[in-house]
Amino acid sequence: MTWGFFSAAHIISLAIGVASIVGLHFILKKKGDRTKTLVLGILSFSGIAAIIYNLLAWGSPLEYLPLHLCSLNAMVLPIAVFTRNKTLNNLLLLWSVGALFALIMNNSVAQTPIFGWVFFFYYFPHVLELGIPILMFTLKLTKKDVRCITSTMVITLSSYTVIHFINLLVNAYTASHNILDSSSNVIKVNYMFSIYPENPLLDLFYSIIPCQYWYMYLSFAVVIVYLSAVYAVDIVRLIRRSKSHK
């Protein structure tokens, strides 16, 4: 049985993923902070395992460098869990959305058998990359801080910009050395989708701003709306506090 795209198996898997995150919350809710941190910390290495699997399994490491948002999430997540660093954990509240999007828009792996290693190293790490950043807050291992919006945006935009130039360098290298993929085409990477869109939403952004790199800034407008919703209560409280001091 293949996973499918919005097939019964796909929809059920999304429900199981959400249920797993909720279940993990209630399993750990009454445990001590050390136990919570240890369990989430161990689980957080699933993303690192997936990165290693993809680098080794496909025989084309240039195409599977850990430079998509989910991979960045996977690399930062163990550090965020074990240090309980407020800046990193608030950052992952945004980056975890990439894991949610990958689970929903699973086109690249839709034809994967659900009882295979490809599914295993795609599905479970993404569920944990989505759930653990949320659980860090619901289990009171760290705190939301509206002041972290600035650092979240700066780190995200800086990462995106650096990765765009990595895309350009890798693509120039593969073109000049005629490095081919499994279909005998010159490898062209598109980490964080900075070069061209790869799904309907990004197609829309590109139709508005038909320019590589810059078109993704429309997604950052969406990010600001998302962060405003996440920190809505804190923003209102901050506004009221500032008015009371006038």
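None of these values were measured; they are calculated from a predicted model. (Residues numbered from 1 in each chain as written. Predicted model: local features only at pLDDT ≥ 70, side-chain atom pairs only at ≥ 80, totals over all residues. Heavy atoms only, no water.)

Now for the overall build of the protein chain. The secondary structure content of the protein chain amounts to ten helices and zero strands. Taken from the N to the C terminus, the helices and strands of the protein chain come in the order α-α-α-α-α-α-α-α-α-α. Relative to the 2.2 N^0.38 estimate, which gives 18 Å for 246 residues, the radius of gyration of the protein chain is 19 Å and therefore close to what a compact globule would have. Across its three principal axes, the protein chain shows a C-alpha extent of roughly 65 × 45 × 35 Å. For the protein chain, the proportion of contacts with a sequence separation of at least 24, taken over those separated by at least 6, is 70%. When the accessible surface of the protein chain is split by element, carbon and sulfur atoms take 70% of a total near 13,500 Å². (Helix = DSSP H or I, 4+ residues; strand = E, 2+ residues; numbered from the N terminus. Rg over C-alpha atoms; globule rule 2.2 N^0.38 Å. Contact = heavy atoms within 4.5 Å. Areas by Shrake-Rupley, 256 points an atom, 1.4 Å probe, with all protein chains shown as cover.)

Turning next to the packing of helix α3 (residues 46–57) against helix α6 (residues 117–138). Between α3 and α6, whose axes approach to 8 Å, the crossing angle comes to 145 degrees. The element α3 and its partner α6 pack so that their crossing is left-handed. Contact residues: α3 offers Ser46, Gly47, Ala49, Ala50 and Tyr53, while α6 offers Trp117, Val118, Phe121, Pro125, Leu128 and Glu129. Split into classes, the residues belonging to the contact of α3 with α6 amount to eight nonpolar, two polar and one charged. (Axes fitted to C-alpha atoms, helices over the stretch in contact; angles between N-to-C directions. Left-handed = near helix turned anticlockwise from the far one by under 90°. Nonpolar A, V, L, I, M, F, W, Y, C, P; charged D, E, K, R; others polar.)

Here we take up α3. Between the first and last C-alpha of α3 there are 16 Å, a value that for twelve residues agrees with the 16 Å anticipated at 1.5 Å per step. Buried within α3 we find Ser46, Gly47, Ala50, Ile51 and Tyr53. Seen along its axis, α3 keeps its buried residues to an arc of 165 degrees; they face one direction. Where α3 is buried, its residues contact α2 (33–44), α4 (69–83) and α6. Following α3 by one or two positions, Gly59 adopts a phi angle in the positive range, close to 65 degrees. (Expected span 1.5 Å × (residues − 1). Buried < 20%, exposed > 50% of the residue type's maximum accessible area, 1.4 Å probe, protein only. Arc of directions from axis to C-beta.)

A separate point is the pattern of salt bridges. Tallied over the entire structure, the rule returns six salt bridges. The partner of Lys144 in a salt bridge is Asp234, and the shortest N-O contact between them spans 3.7 Å. Here Asp234 lies in helix α10 (residues 232–244) and Lys144 lies in the loop between α6 and α7 (148–176), a separation of 90 residues in the sequence. Classification of Lys144 by relative accessible area gives partly exposed; the value is 36%. (Salt bridge = Lys/Arg side-chain N within 4 Å of Asp/Glu carboxyl O.)

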